[in-house]
Amino acid sequence: MAHPDGLTLGDLYRGLRAQFEAAGVPEPEVSARRIAAEASGRDAAVVALSPQTPMTVRMVAHADAMAARRVAGEPLQYVLGSWGFRKLDLATDRRALIPRPETEVVAGIAIDWLQRTVRRRRLAEVNVADLGTGCGAIALSIAHEVPQARVFATDSSADALSLAAANMAGLGSAATRVSLHQGSWFEALEGLHVGNDCVTELRFQRLDLIVSNPPYVADGDVLSAEIDDWEPHGALYAGPDGLDAVGTIVRTARSWLAPGGLLVLEIATAQAPAVGAIAVAHGYEEVRIERDLAGFDRALVASRPRSEPDAWTIDQAAERLRAGEFIVAPTDTLCGVMARYADTDAVARVCDAKERPHSEPMPILVSGLEQADELVELSPQARALAQRHWPGGLTLVARRRGGPDPLHGRETLGVRAPALGWLRWLIDEVGPVTGTSANRHGYETPASAVEAAASLATRPGEMASPGRIIRGRALGGFASTVVDVTGDKPVVLRTGAVPAESLEFPEFPEESGA
């Protein structure tokens, strides 16, 4: 025991702060206070309140050892060996990323949604996946704060999972609702069976929520030495634009989510527009970007639509389209007959089925702006219109990239992103498709996809094969509004599903018509 008139807690704190200031340690006061508290076995808030508390030789030696590590650049969270995250105190070391405040926001979004969903639907259990769990911060917080949650936590790193397992040990009874699985993203969950009364593969039972703090730093980005030299690179870097992991999760999560299920992803601020566009193109609804406590764009939040054709039906439709056939399906405007736009022969067969001249152009459905950009040239004004009204009933007529269309021979092309999430999902998988109404040329389009298919000029029984018709009725009953954006000023060619007065584009000329 140190002599009563020896070093006090206040002396230790001041000495540590001076040492850190001289060494250029970031936020020296925070490091000094936390290390002094850890060495003395007291709460950090007590350091300033009990400066006269005497220090033992062992306490001072412990503080000196931690201070040397901090001066060497090791993050404070690793030096201390633990860090607070929401309501938990988690073990931290170099096996996993440091749990940060922005990730607490992501966890909070997931937890708040789960708690509301459980109350509203009176659910006894909800299935959650935390992909790339690291030290287990998000997964364990969900299990701790949502008693109905069964959490499947994955990581490709065995070291990270061992750290998560250590944190699970301190969770108490809630840990029985958390399971750890090694593998890359959803591969870790393939073949996993759940359920008490019957064995069900998780993929078919579906997940109510998928949450992740994936790597999202671009390979060429320069991080601070405190991050780059100490934290695991596999949990930080994700390809040339930082979107490799995010893109994989967004595209794959949709088929794992239950209808109405939620996806929550931590992202880099600069990635918000691109990630939001990927989610919209892949058929998610209610896509939004949430901000962190500092006001920066930080989390993608998106839902799988509640009502849509089953995955088998969509897969069959995709097979038919890839095989050069066409399908008939309801859209948010009218029932449409669809073929892959890249397959000129298939597009020609659509014209024949409609008894429509090959020289007459037809609109093309795209999953979003990314696909549209590959087909047509869009001015800033046109992009603004698309961003405002897509997905929805607005067709933009723009100059076609690569010259005249190989079938109808014109220099322009009409493109539209449909409002139905499952249809954007299908288009994102197979590429842009024809979006013309499913009717014989000059006749009214039936509201039912089955009736519309029967009205086409096809051989008897041709439309009966699986995947050729996606059953249902068109939601809108109106053709899309068509706007020509090839000139300096957009011109309304046809009013329809989107009223001209709601286009919110003051540069529109008063006259309309081609």
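What comes next is a walk through the structure. Residue indices begin from 1 for each chain and proceed along its sequence in written order. Confidence filtering applies because this is a predicted model: local features only for residues at pLDDT of at least 70, side-chain atom pairs given and counted only at 80 or more, and all residues used for totals across whole chains, interfaces and linings. For side-chain calculations, the full set of non-hydrogen atoms in the structure is used, while hydrogens and water are omitted.

With respect to the overall build of the protein
Broken down by element type, the protein carries 17 helices and 21 strands. Relative to its full complement of 514 residues, the protein shows a buried share of 52%. Any two residues having at least one pair of non-hydrogen atoms within 4.5 Å are treated as being in contact. Sequence-distant contacts, at least 24 apart, represent 65% of the contacts inside the protein between residues at least 6 apart. A positive count includes Lys and Arg, and a negative count includes Asp and Glu. His and the chain ends are not counted in either. To locate a charge, the coordinates of NZ of Lys, CZ of Arg, CG of Asp or CD of Glu are taken. Averaging the locations of the 50 positively and 67 negatively charged side chains of the protein gives two centres separated by 5 Å. For the purposes of this entry, the term helix denotes a DSSP run of H or I that reaches at least four residues, the term strand denotes a run of E that reaches at least two, and both are numbered from the N terminus. Only protein chains enter the area calculation, which uses a 1.4 Å probe; residues under 20% of their type maximum are buried, those over 50% are exposed, and those in between are partly exposed.

Side note on unusual backbone geometry
Between Trp390 and Pro391 the backbone carries a cis peptide bond, its omega angle lying at -5°. On the secondary structure map, Pro391 appears in the loop between helix H15 (380–389) and strand E16 (394–400). We note that Glu27 has phi near 45°; this positive angle belongs to a residue other than glycine. Looking at where Glu27 falls in the secondary structure, it is placed in the loop between helix H1 (9–23) and helix H2 (28–40). Backbone geometry at Glu286 places phi at a positive 50°, although glycine is not the residue there.

Here we look at the side chain of His181
Mapped onto the elements of the fold, His181 is located in strand E5 (residues 178–182). Here Ser179 takes part through its side chain, which lies 2.7 Å from a polar atom of the side chain of His181. For His181, the contacting residues outside a window of four places in its chain are Phe152, Ala153, Thr154, Asp155, Leu161, Ala188, Leu189 and Leu192. Any pair of N or O atoms that falls within 3.5 Å is considered a polar contact. Within protein, one atom must be able to donate a hydrogen and the other to accept it, and sequence-neighbouring residues count only if both atoms are side-chain atoms.

Concerning the sheet that holds strand E13 (residues 336–338)
The strands making up a sheet associate through hydrogen bonds between their backbones, and the pairing can be parallel or antiparallel. Paired strands, as defined in this entry, are two strands with at least two bridges between them according to DSSP. With antiparallel pairing, 3 strands are arranged side by side in an open sheet as E12-E13-E19. A single partner strand is all that each edge strand has here, and the edge strands are strand E12 (327–329) and strand E19 (436–437). One ladder, built from 2 bridges, connects E13 with E19; its direction is antiparallel. When the bridges of E19 are listed, Gly336 appears paired with Ser437.

Comments concerning the pattern of salt bridges
Close approach of charged atoms allows side chains of opposite charge to pair. Each salt bridge in this description consists of a side-chain nitrogen of Lys or Arg and a carboxyl oxygen of Asp or Glu lying within 4 Å of one another. Taken as a whole, this structure holds 21 salt bridges when the rule is applied. Between Glu145 and Arg86 there is a salt bridge, with the nearest N and O atoms lying 2.8 Å from each other. Here Glu145 is found in helix H6 (residues 137–145), whereas its partner Arg86 is found in the loop between strand E1 (82–85) and strand E2 (88–91), with 59 residues between them in sequence. Of the residues examined, Glu145 reaches a relative accessible area of 11% and is grouped as buried. Residue Asp405 pairs with Arg400 through a salt bridge whose shortest N-O separation is 3.9 Å. With a relative accessible area of 15%, Arg400 lands in the buried category. What emerges from the salt-bridge pattern is a single network uniting Arg320, Glu325, Glu462 and Arg468.

Regarding helix H10 (residues 244–256)
The span you would expect from a helix comes to 1.5 Å times its residue count less one. Helix length check: H10, at 13 residues, gives a terminal C-alpha distance of 19 Å against a target of 18 Å (1.5 Å per residue), a fit within 8%. Within the span of H10, buried status applies to Ala245, Val246, Gly247, Ile249, Val250, Ala253, Arg254, Ser255 and Trp256.

A closer look at a positive patch on the surface
A patch consists of residues exposed above 30% relative accessible area that lack any salt bridge, with like charges linked at up to 9 Å and nonpolar side chains (Val, Leu, Ile, Met, Phe, Trp, Tyr) linked at up to 5 Å. Note on areas: Shrake-Rupley with a 1.4 Å probe; residue coverage comes only from the protein chains shown. Side chains of Arg116, Arg119, Arg120, Arg121 and Arg306 sit close together on the surface and give a patch of like positive charge. Mapped onto the elements, Arg120 comes out in helix H5 (residues 101–121). The exposed category is assigned to Arg120, whose relative accessible area is 54%.

What to know about the packing of aromatic side chains
Ring pairs shown here join Phe, Tyr and Trp side chains whose ring centres sit within 6.5 Å, with only the six-membered ring taken for Trp; geometry is labelled stacked below 30 degrees between planes, edge-to-face above 60, and tilted in between. According to the stated counting rule, one finds 1 aromatic pair in the structure shown. For the ring pair Phe186 and Trp256, a centre distance of 5.3 Å and an interplane angle of 25° mean the geometry is stacked. Placement of Phe186 in the loop between E5 and strand E6 (193–194) and of Trp256 in helix H10 is noted, with a sequence separation of 70 residues between them.

Remarks on the nonpolar core
Put simply, a nonpolar core is a bunch of buried Ala, Val, Leu, Ile, Met, Phe, Trp, Tyr and Cys residues held in one set by side-chain atoms that sit within 4.5 Å of each other. One finds Leu114, Val128, Ile142, Val151, Leu171, Leu209 and Val211 to be the most contacted residues of the largest nonpolar core, which totals 39 residues. Take this core: its biggest share by element is 9 residues, from H5. Residues within four places of Leu209 in sequence aside, it is in contact with Ala110, Trp113, Leu114, Asn127, Val128, Ala129, Leu257 and Leu262. Formed by 32 residues, the second largest nonpolar core is a distinct cluster that contains Trp185, Leu202, Leu207 and Leu300.

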